[in-house]
Structures are given as structure tokens and as C-alpha cells.
Amino acid sequence: MEYGKLLKDPRWQHKRLEAMQADRFTCQMCFHSDKPLNVHHKRYIPGAMPWEYETSDLITLCEDCHAKYHRDEKKTQIMIVALRNIADRLQSVI
């Protein structure tokens, strides 16, 4: 099933509300509570439905911080690939 449809499931809506309540309806990066909020999965478990996570695996982020988190995450993944390539090249020289 498409991920967007899963996020409309009542079970996810309940879990999302639970996570936001735990974080006092406040972004956990910028601590604003007056912006639209998202709930982000801190980690992904293969095959798990969005609502099957522990509340501790979720974090409330405002839309801006959620977007920034994903941009930073993508940059980090690019850096890891680049460092692995450098390590491979160095290994071939040694």
C-alpha cells in the first residue's frame, strides 16, 4: 500500500496524536508550538506499519525542521558515500 495512504489510517492518526502529546505539541528541534507539526520516525523497521512503532521511536517536528532534517539526512548520506569512495581509493593505493 502507498505510504501516503497508510498515514491516513486511523491507527497512524492515533499514534501520531500520542507522539505529539508526549512532545507537548512542540517541535523538538526549534521548540516552536505555533507552526504546523509533523511526526517523524527516528528509525525505520523493515515491514513495520507506521503505527507499529513505540512512541519513543517518533519525534514531533514542525514542517520547516522536518524538511531541514531530511535535507541534512540526504547530505549526510552523500558524504558517507563520498568518504567510502575515498577510503576505497586509499585502500587500493596502500
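Residues numbered from 1 in each chain as written. Predicted model: local features only at pLDDT ≥ 70, side-chain atom pairs only at ≥ 80, totals over all residues. Heavy atoms only, no water.

K.L.:
Please give an account of the environment of Gln91 that cites residues and values.
P.N.:
Secondary-structure assignment places Gln91 in helix H3 (residues 63-93). Looking at Gln91, the relative accessible area reads 58%, which means it is exposed. Along the primary structure Gln91 and His70 are separated by 21 residues, whereas in three dimensions their C-alpha atoms are 31 Å apart. (Helix = DSSP H or I, 4+ residues; strand = E, 2+ residues; numbered from the N terminus. Buried < 20%, exposed > 50% of the residue type's maximum accessible area, 1.4 Å probe, protein only.)

K.L.:
A description of the pattern of salt bridges should follow, citing residues and the corresponding values.
P.N.:
Applying the stated criterion to the full structure yields five salt bridges. A salt bridge links Glu18 to Lys15; its shortest N-O distance comes to 3.1 Å. Taken as a pair, Glu18 and Lys15 lie in helix H2 (residues 10-22) at a separation of three residues, close to a single helical turn. Note on Glu18: relative accessible area 29%, which makes it partly exposed. (Salt bridge = Lys/Arg side-chain N within 4 Å of Asp/Glu carboxyl O.)

K.L.:
How would you explain the nonpolar core if you had to name every residue and give the values?
P.N.:
Formed by 13 residues in total, the largest nonpolar core has its most connected members in Trp12, Cys27, Leu37, Val39, Leu58 and Cys62. Only H2, strand S1 (37-41) and strand S2 (58-62) provide two or more residues apiece to this core. Apart from the residues within four sequence positions on either side, Cys62 is in contact with Cys27, Cys30, Lys35, Pro36 and Leu37. (Core = buried A, V, L, I, M, F, W, Y, C linked by side-chain atoms within 4.5 Å. Contact = heavy atoms within 4.5 Å.)

K.L.:
I'd like a description of the side chain of His41, backed by residues and values.
P.N.:
By the secondary structure assignment, His41 is in strand S1. Of the polar contacts made by the side chain of His41, one reaches the backbone oxygen of Pro50; its length is 3.1 Å. When neighbours within four sequence positions are excluded, His41 is seen to be in contact with Tyr3, Trp12, Pro50, Tyr53, Asp57 and Leu58. (Polar contact = N/O pair within 3.5 Å; in protein donor to acceptor, adjacent residues only side chain to side chain.)

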